[in-house]
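Residues per chain, in single letters:
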Amino acid sequence: MEVVNGVLFHAIGASSASLCYTPEKKVKGWSWQTYWLAQAFVCWLLLPLLVAVITIPDLMLVLKEAPTGPMWQSYLLGMGYGVGGTAFGMAIRYVGFSLTYAIAVGISCVLGTLLPPFISGELGHILSGNGAGYLMSGVGLGAAGIAVCGLAGRSKEKDIEKAVQQSSSSFSLSKGLPLCLMAGVLSALYGYALSVGQPIADVAALHGAGNLQGNVIYIFANSGAFVTTALYCIYLHRKHKTIGEYSSNQGHSLTTNYLMAAITGLLWYGQFFFYGLGHTRMGKFAFSSWAIHMILLVLLSTVTGLLLKEWKQSSAKTIRLLSVAIMILIVAVLLLTEGNRIGATG
């Protein structure tokens, strides 16, 4: 039952992440870098510190007792994750959201899941255990489902271009593909950042943090991501002279913009909070949390898009392809859940 609860917590976190971009539609008069840095401050700096203070007993003592090596490793890997997020945003400019999602998230799903046990030398032992077949089938099927979802998304983009009789002049696979690959590889580092930070969480658990122990890792992994994101946004501010947008918004409501950025940051951080709650319940195959989270993120983002009528101009062929992708992703989650259940009882 704990495994099922873990998957449900992952689903709540993925739901939060799938909704995090919706407030951006209400932002007026801000450049991308202004909005992105404002929400990143909430998601990657403010909330990790605030939630850790609230949920980790004796936080200062935990930080004093915890080994410094995992702190630095988690922080530096988080910086890599931040670069991956930036590459993700740049790739969308050249190959569109759907292909970027399919390639980058697909790579992140596989690498972010298998990298931690591979580097620790535990992968072979894990794969020989009960339920491992279900687990690996779920990871592979999930990556395939993400790819099919990406193809459906690209088909939708073509349907819309055809409807308005306009092609995407900025599309460039030669520029976008390397960025997608970079985004996928570097984004996978976040899963590894959480894995190497586990010794910090173990100390928090000894002080009574329980299933909330993972919140202490986000202080380091998320702040690392914030640093690289902030550096890029500051570069864009200097280049486009947009730093003044934080205090003057040319007739638009600054309060609304800050509120929308805060809601975005809250929703994005929500995925990390519930990821931690799910991860501590996954038992022997806890490393599969990353795959479960990524697959549920794509699945629920797709469902959210359907509910928001983002696919209403799609052809019947595109909808059929999307339906196949959704079914594959659901089966992948069920396989991963069953593999973890067997592993927990075996």
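Basis of the calculations
Residues numbered from 1 in each chain as written. Predicted model: local features only at pLDDT ≥ 70, side-chain atom pairs only at ≥ 80, totals over all residues. Heavy atoms only, no water. Helix = DSSP H or I, 4+ residues; strand = E, 2+ residues; numbered from the N terminus. Rg over C-alpha atoms; globule rule 2.2 N^0.38 Å. Buried < 20%, exposed > 50% of the residue type's maximum accessible area, 1.4 Å probe, protein only. Contact = heavy atoms within 4.5 Å. Axes fitted to C-alpha atoms, helices over the stretch in contact; angles between N-to-C directions. Parallel < 35°, antiparallel > 145°, perpendicular 65-115°, else oblique. Left-handed = near helix turned anticlockwise from the far one by under 90°. Nonpolar A, V, L, I, M, F, W, Y, C, P; charged D, E, K, R; others polar. Expected span 1.5 Å × (residues − 1). Polar contact = N/O pair within 3.5 Å; in protein donor to acceptor, adjacent residues only side chain to side chain. Salt bridge = Lys/Arg side-chain N within 4 Å of Asp/Glu carboxyl O. Phe/Tyr/Trp six-rings, centres within 6.5 Å; stacked < 30°, edge-to-face > 60°. Lys NZ or Arg CZ within 6 Å of the ring centre and 35° of its normal.

1. Observations regarding the overall build of the chain
Then, number 1: Regarding its fold elements, the chain presents 12 helices and zero strands.
Then, number 2: Scanning the chain from its N terminus toward the C terminus, one meets helices and strands in the order α-α-α-α-α-α-α-α-α-α-α-α.
Then, number 3: The C-alpha atoms of the chain give a radius of gyration of 20 Å, which matches the 20 Å a tight globule of 346 residues would have.
Then, number 4: For the chain, the spread of C-alpha atoms along the principal axes amounts to about 55 × 50 × 35 Å.
Then, number 5: The buried share of the chain, reckoned over its 346 residues, is 53%.
Then, number 6: Contacts in the chain between residues at least 24 apart in sequence constitute 86% of all its contacts with a sequence separation of at least 6.

2. Some details on the packing of helix α10 (residues 254-279) against helix α11 (residues 289-307)
Then, number 1: Look at α10 against α11: their axes get within 10 Å of each other, and the N-to-C directions meet at 135°. The angle between α10 and α11 falls in the class oblique. Crossing angle aside, the handedness with which α10 passes α11 is right-handed. Packed against α10, whose contacting residues are Gln271, Tyr275 and His279, the element α11 presents Ser289, Trp290 and His293 at the interface.
Then, number 2: Split into classes, the residues belonging to the contact of α10 with α11 amount to two nonpolar, four polar and no charged.

3. Some points on unusual backbone geometry
The general pattern is negative phi for most residues beyond glycine and trans for most peptide bonds.
Then, number 1: A positive phi is found at Asp58, a non-glycine position, where the angle reads about 55°.
Then, number 2: Within the element layout of this structure, Asp58 appears in the loop between α2 (32-55) and α3 (59-65).
Then, number 3: Even without being glycine, Lys241 reaches a positive phi, approximately 55°.
Then, number 4: You can call Lys241 exposed: its relative accessible area is 74%.

4. Some words on helix α1 (residues 2-19)
Then, number 1: In this model α1 runs 26 Å from its N-terminal to its C-terminal C-alpha over 18 residues, within 8% of the 26 Å that 1.5 Å per residue would give.
Then, number 2: In the core, the buried residues of α1 are packed alongside α10, α11 and α12 (316-345).

5. Details of the environment of Thr55
Then, number 1: Looking at the secondary structure, you find Thr55 in helix α2.
Then, number 2: Here Thr55 falls in the buried class, since its relative accessible area comes to 16%.
Then, number 3: Sequence separation of Thr55 and Ala87 is 32 residues, and the distance between their C-alpha atoms is 33 Å.
Then, number 4: Apart from residues lying up to four places away in sequence, Thr55 is in contact with Ala209, Leu212 and Asn215.
Then, number 5: Within the structure, Thr55 has its side chain in polar contact with the backbone oxygen of Val51 (distance 2.7 Å).
Then, number 6: Of note is the side chain of Thr55, whose polar atom sits 3.0 Å from the side chain of Asn215.

6. Quick look at the pattern of salt bridges
Then, number 1: Taken as a whole, this structure holds two salt bridges when the rule is applied.
Then, number 2: Arg281 is the salt-bridge partner of Glu2, the closest N and O atoms lying 3.8 Å from each other. Remark: Arg281 occurs in the loop between α10 and α11 and Glu2 occurs in helix α1; sequence separation between them is 279 residues.
Then, number 3: On the basis of relative accessible area, Glu2 is assigned to the partly exposed category, the value being 44%.

7. Looking at the packing of α2 against α10
Then, number 1: Two elements in contact, α2 and α10, have axes separated by 8 Å at closest approach and are oriented at 45°. As summarised for this structure, α2 and α10 are arranged oblique, according to the angle between their axes. Helix-helix and strand crossings are classified by hand; for α2 and α10 the assignment is right-handed. Contact with α2, carried on its side by Tyr35, Trp36, Ala38, Gln39, Val42, Cys43, Trp44, Leu47, Pro48 and Val51, involves Ala261, Ala262, Thr264, Gly265, Leu266, Trp268, Tyr269, Phe272 and Phe273 of α10 and no other residues of that element.

8. Some thoughts on the packing of aromatic side chains
Then, number 1: Scanning the model with the defined rule gives 20 aromatic pairs in all.
Then, number 2: Between Trp44 and Tyr81, the aromatic rings sit 6.2 Å apart at their centres with planes inclined by 65°, giving edge-to-face as the arrangement. Here Tyr81 lies in helix α4 (residues 68-119) and Trp44 lies in helix α2, a separation of 37 residues in the sequence. Here Trp44 matches Tyr81 in class, with each residue buried.
Then, number 3: Sitting over the face of the ring of Trp311, Lys156 holds its NZ or CZ atom 4.7 Å from the ring centroid.

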